[in-house]
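The chain contents come next:
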Amino acid sequence: MQISRRSFVKAAAAAAALAAAGLPAMFPPAALADDGLVWGKAPCRFCGTGCGVLVGVKNGKIMATKGDALAPVNKGLNCVKGYNLSKILYGEDRLTKPLLRQGDKFVPISWDRALDLVAQKIRETLETSGPDAVAMFGSGQWTVHEGYVATKFMKAGIGSNSIDPNARFCMASAVAAFMNTFGSDEPMGNYEDLDLGDTYFLWGANMSECHPILFSRMTANRLKNPKVQIIDLATRFTRTSQEADRYVEFKPQADLALANGIAHVIVREKLYDKAFLAENVTLKKGKTNIGYGVEDKFSFTDKGEEISFHEYSEFLKDYSPEKVEALSGVPAATVEELARLYADKNRKVCSYWTMGLNQHTRGTWVNNLVYNIHLLTGKIAKPGEGPFSLTGQPSACGTAREVGTFTHRLPADMVVTNPAHRQKAADIWKVPVEKIPAKPTYHATEMLRALDRGDIKFLWVQCSNPFQAAPNTGRFRAAALKEGRFVVVSDAYPTRSTEVADLILPSSMWVEKEGMFGNAERRTQHWFKQVEPPGEAKEDLWQLIEVAKRLGFGNLFEYPGQDLHKALFEEYRLFGLGTGKDLAPYELYQKERGVIWPYVNGESVKWRYNTEYDPYARKEKEKGISFYKNKKQHKKAVLWARPFEPAAEVPDNDYPFWLSTGRVLEHWHTGTMTQRVPALHRAVPEALVELHPEDAVKLGIRNRDKVLLTTRRGSLELRASVGERGVPGRGSVFVPFFDEDRMINDLTLDAFCPISKQPDYKKCAVKVERLG
């Protein structure tokens, strides 16, 4: 379905006609097209790219979607998931009524009874076990409004920090490293770097499948500029590898050694920017042999100690190209070539990464090491130059990270452990500062462990599917069904999480409600409600506020005479104003196709910390780079000396292969939406286990043979894929996690980075056997 050019020409008149008819306003001002559809704008519902789409509505139903040609992110292009967005709302099994468990069955109940029951169970838990036993498992798919209400509900209403999002599973290592390197979360650059750079290092990022629109911008740049090079650093050959100019395979966990090896060559050959380092960088080392978080109640606090550049140089001597080759399998000559590419003064270099670096038992460390390379070379915070962590959910940045829906965070980079931050939150929320607890409780993995132990008695899951997505899921699914636990799941469809719930609340999704998402380039995008949800489905925000009323703190969400969504956003906006996290007024988002923060003096700052673009940086110096958010480090970035340490679980005689998990192009996360789109399900109907052809020959396995995978946590039967779309390195297998009938996360290990608390889904030991 195409929207005609005349629809835009007539947009203003159409908008006036709609207003006269009492219909909601949508932008681009709701266009009555020649095809009879009413078109509105919205960001895509899938990954963190934030593609703009046009939504065509007729008779109260979405009839079509298409890429928005005026959207700066995707410029009219969508991926295969984006082109099928119109179908995600209309699966035959949408949840339409609240459902209460009675024995092995669920029975419909009224909303009043459901909400009264939620409030009753929370109240009982508070009386018997205290506020920390009441927990909220949130999402990077929450809208900004929903995440803000959830944070306020828990921290100012319940008085509990037992809230954490599924973004802990995908972006926490990036957050931790941004904070301990720059004093502020999120990238300094934006997507224009994809058009302006000429050398792109991809660290564990299958962009062709997981961020296809951004990858298309990168490859389009290469078509225009023959100087462009794309280097894919990975443990698995993918469609990205096919398109890259160079594929460099390394052994699992050895990215730590490889990054240090690149830094070694840069320092040894004096290819670093001495003036930039002297002006903008301080050096530190942290604790080592820090553990893996595999035991319950694991606790760790890093401690940085300043070191000299000479001490850093001595540290790097353990990472000569030859030693790196022994650890990683990357030839020594290749390590040197990569270092010289990074340091070439005639090249504009960007680094991009996703789960390969973040889902890692040393995820914070390896993020630090990539930043080190950019700090050494001074290639940072400039057009076409800088490190960039890509996100996997539509609002992992805008909601989880910026709103601060983690146990330890508050909005705008603030944390609950800082008394001044708690006081600011208390002043904005108009509650006593004592109401906001000063101590974090449970990160996402530990929250599920606490449910198993009984430390958490009440758990409310919204917009997430942790009982399929969490590592070592078998333990946690059993935990949810234990006596003395009450689990509420708000979702649009039946999932592996609703399956173990005590109460299921039907949620509206995407354009069935008004909302905002924040993408990976700091762009916040707004959309209006465009269709009604089915049956009695309600938005998560409404559910939270209704329960708050029943618990006696509904006043936290009362804004007499004001539009609720605008009032919530304008209150939330107060946290960041004047701090370098400035958001624009609400009305601007309604008009524009997203606005990048910080928004200062009527303009978005496209490159943070650069005096040419950032007014906050200009307050610090006339010209150059100022990491002004890192006040504790005298407004300098930190270059961290972080060593190689092995994975938590490595292959041995009993379990001789590495197991890695991830995504494929056609499906998204646990498949809750995409598995219900016929075209996407037909394209990839089941999860397969990928093997290297040489391993398959040794095991006597051919394509589509049945294979049994076994780890120390369980076994799973799948069919084999040998030498097809993805090819893992020798000694490794790969399985996507979208398939609820093949629960690969029953096999994964719940080890995590001790600093970020993000689990490592990429490395555990597995036995592979041919069946039949």
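All values reported here derive from a predicted model rather than from experimental measurement.

### Thoughts on the overall build of the chain
Right, so step 1: A count of helices and strands for the chain gives 28 helices and 32 strands.
Right, so step 2: Expected size for 772 residues packed as a compact globule is a radius of gyration near 28 Å; at 25 Å, the chain falls within 12% of this value.
Right, so step 3: Across the 772 residues of the chain, 66% fall into the buried class.
Right, so step 4: Considering only intrachain contacts with a sequence separation of at least 6, the fraction spanning at least 24 residues in the chain is 72%.
Right, so step 5: When the accessible area of the chain is evaluated, it comes to approximately 26800 Å², of which 51% is carbon and sulfur surface.
Right, so step 6: The centroid of the 103 positive side-chain charges in the chain is displaced by 2 Å from the centroid of its 92 negative side-chain charges.

### A closer look at the pairing of strand β3 (residues 52-58)
Right, so step 1: Among the seven residues in β3, six count as buried, and that is most of the element.
Right, so step 2: Across six bridges, the pairing between strand β2 (residues 38-43) and β3 is antiparallel. Residue pairing for β3: Pro43 is matched across the bridge by Gly52.
Right, so step 3: One ladder, built from six bridges, connects β3 with strand β4 (residues 61-67); its direction is antiparallel. Paired with Val57 across the two strands is Ile62, which belongs to β4.
Right, so step 4: Two successive antiparallel strands, β3 and β4, enclose a turn made up of two residues, where Asn59 displays a positive phi of approximately 55°.

### Here's the deal with helix α20 (residues 444-453)
Right, so step 1: Most of α20 is tucked away: nine of the 10 residues are buried.
Right, so step 2: All of the buried residues in α20 are Ala444, Thr445, Glu446, Met447, Leu448, Arg449, Ala450, Leu451 and Asp452.
Right, so step 3: Summarising the contacts, the buried residues of α20 are in contact with β7 (134-138), β8 (163-165), β17 (458-462), α21 (466-469), α22 (473-480) and β18 (486-491).
Right, so step 4: Just downstream of α20, Gly454 is the residue with a positive phi angle, here 95°.

### Digging into the side chain of Thr282
Right, so step 1: Inspection of the secondary structure puts Thr282 in strand β13 (residues 281-285).
Right, so step 2: Not counting chain neighbours up to four residues away, the residues in contact with Thr282 comprise Glu306, Gln633, Lys636, Ala637, Val638 and Leu639.

### Side note on the environment of Ala119
Right, so step 1: By the element assignment, Ala119 lies in helix α4 (residues 111-129).
Right, so step 2: Put simply, Ala119 and Glu546 are 427 residues apart on the chain and 9.2 Å apart in space, counted from C-alpha to C-alpha.
Right, so step 3: For Ala119, the residues in contact, after removing those within four places along its chain, are Val547, Arg550 and Leu551.

### Points about the pattern of salt bridges
Right, so step 1: Inspection of every chain in the model, using the stated rule, returns 60 salt bridges.
Right, so step 2: Residue Glu146 is joined to Lys513 by a salt bridge in which the shortest nitrogen-to-oxygen separation is 2.6 Å. You can see Glu146 sitting in helix α5 (residues 144-158) and its partner Lys513 sitting in the loop between β19 (503-506) and β20 (515-518), a full 367 residues away along the chain. Each member of the pair, Glu146 together with Lys513, is buried.
Right, so step 3: Glu314 is the salt-bridge partner of Lys317, the closest N and O atoms lying 2.8 Å from each other.
Right, so step 4: Judged by relative accessible area, Lys317 falls into the partly exposed class, the value being 49%.

### Comments concerning the sheet that holds strand β15 (residues 349-353)
Right, so step 1: Read across the open sheet, the five strands follow the order β12-β10-β9-β15-β16; overall the sheet is parallel. Looking at which strands have only one partner, the edges of the open sheet turn out to be β12 (246-249) and β16 (386-389). Between one strand axis and the next, the sheet turns by 20° as a mean value, whatever way the strands run.
Right, so step 2: Judged from the four bridges that link them, β15 and β16 form a sheet pairing that is parallel. The residue bridging Tyr352 from the neighbouring strand is Phe388, located in β16.
Right, so step 3: Each of β9 (199-203), β10 (229-234), β12 and β15 is contacted by helix α15 (residues 332-343), which is oriented at about 125° to β9, the strand it contacts most.
Right, so step 4: The strands touched by helix α17 (residues 363-377) are β9, β15 and β16; relative to β15, the strand with the most contacts, the crossing angle is about 175°.

### Here we look at the sheet that holds strand β6 (residues 105-108)
Right, so step 1: One open sheet holds the seven strands; their spatial order is β6-β5-β19-β18-β17-β7-β8, and the pairing between them is mixed. Both outer strands of the open sheet, β6 and β8, are each paired with one neighbouring strand and no more. Neighbour to neighbour, the strand axes of the sheet diverge by 20° on average, direction disregarded.
Right, so step 2: The strands touched by helix α23 (residues 540-551) are β7, β17, β18 and β19; relative to β17, the strand with the most contacts, the crossing angle is about 155°.

### Some details on the environment of Leu551
Right, so step 1: Of note, Leu551 is situated in helix α23.
Right, so step 2: Residues Leu551 and Thr661, 110 residues apart in the sequence, show an inter-C-alpha distance of 41 Å.
Right, so step 3: When sequence neighbours within four positions are dropped, the list of residues in contact with Leu551 reads Ala119, Ile122, Arg123, Phe153 and Ile158.

### A look at the state of the cysteines
What we call a disulfide is simply a covalent bond connecting the sulfur atoms of a pair of cysteines.
Right, so step 1: According to the stated counting rule, one finds zero disulfides in the structure shown.
Right, so step 2: This cysteine, Cys44, is not joined by any disulfide, and Cys51 carries the nearest cysteine sulfur, 6.0 Å off.
Right, so step 3: Owing to a relative accessible area of 9%, Cys44 belongs among the buried residues under this scheme.
Right, so step 4: Distance from the sulfur of Cys210, which forms no disulfide, to the nearest cysteine sulfur (Cys47) is 8.5 Å.

### What about the domain arrangement of the chain?
Where interface size is quoted, it is often the accessible area lost as the parts come together.
Right, so step 1: Here the chain is described as being made up of domain 1 (3-89), domain 2 (99-169 + 394-555), domain 3 (172-290 + 300-390 + 636-641) and domain 4 (657-748).
Right, so step 2: Listed as interface residues are 12 residues of domain 1 and, on the opposing side, 10 residues of domain 3.
Right, so step 3: Together, the buried faces of domain 1 and domain 3 total about 710 Å²; carbon and sulfur atoms form 62% of this surface.
Right, so step 4: When the buried surface of domain 1 facing domain 3 is broken down by residue, Thr49, Val73 and Leu77 rank first, second and third, together holding 49% of it.
Right, so step 5: On inspection of domain 1 and its partner domain 3, the count reaches zero salt bridges.
Right, so step 6: For the side of domain 1 that touches domain 3, the per-class residue count stands at six nonpolar, four polar and two charged.

### Concerning the packing of aromatic side chains
Right, so step 1: Across all of its chains, the model carries 35 aromatic pairs by this definition.
Right, so step 2: With 4.9 Å between their ring centres and 55° between their planes, Trp607 and Tyr613 make a pair best called tilted.
Right, so step 3: The class for Trp607 is buried, based on a relative accessible area of 4%.
Right, so step 4: What links up through ring pairs into an aromatic cluster is the set Phe178, Phe182, Trp353, Tyr371, Tyr609, Tyr616, Phe627 and Tyr628.
Right, so step 5: Geometry around Tyr493 places Arg94 over its ring, the cationic atom sitting 5.7 Å from the centre.
Right, so step 6: Just above the ring of Trp640 sits the side chain of Arg642; from NZ or CZ to the centre is 4.0 Å.

### Focus: the pairing of strand β29 (residues 714-722)
Side chains on a regular strand alternate between the two faces of the sheet.
Right, so step 1: As paired elements, strand β27 (residues 688-691) and β29 share four bridges and run parallel to each other. Along β29, the bridge assignment pairs Glu690 with Ser721.
Right, so step 2: In terms of strand pairing, strand β28 (residues 706-711) meets β29 through six bridges, oriented antiparallel. Bridging from a neighbouring strand, Val707 pairs with Leu718 of β29.
Right, so step 3: The turn joining β28 and β29, which pair antiparallel and follow one another in sequence, is formed by two residues.

Thresholds applied
- Residues numbered from 1 in each chain as written.
- Predicted model: local features only at pLDDT ≥ 70, side-chain atom pairs only at ≥ 80, totals over all residues.
- Heavy atoms only, no water.
- Helix = DSSP H or I, 4+ residues; strand = E, 2+ residues; numbered from the N terminus.
- Rg over C-alpha atoms; globule rule 2.2 N^0.38 Å.
- Buried < 20%, exposed > 50% of the residue type's maximum accessible area, 1.4 Å probe, protein only.
- Contact = heavy atoms within 4.5 Å.
- Areas by Shrake-Rupley, 256 points an atom, 1.4 Å probe, with all protein chains shown as cover.
- Lys, Arg positive; Asp, Glu negative; His and termini not counted.
- Charge placed at Lys NZ, Arg CZ, Asp CG, Glu CD.
- Pairing = 2+ DSSP bridges.
- Salt bridge = Lys/Arg side-chain N within 4 Å of Asp/Glu carboxyl O.
- Axes fitted to C-alpha atoms, helices over the stretch in contact; angles between N-to-C directions.
- Disulfide = S-S within 2.5 Å.
- Domains from an automatic or database assignment.
- Buried area = accessible area lost by both parts, 1.4 Å probe.
- Nonpolar A, V, L, I, M, F, W, Y, C, P; charged D, E, K, R; others polar.
- Phe/Tyr/Trp six-rings, centres within 6.5 Å; stacked < 30°, edge-to-face > 60°.
- Lys NZ or Arg CZ within 6 Å of the ring centre and 35° of its normal.

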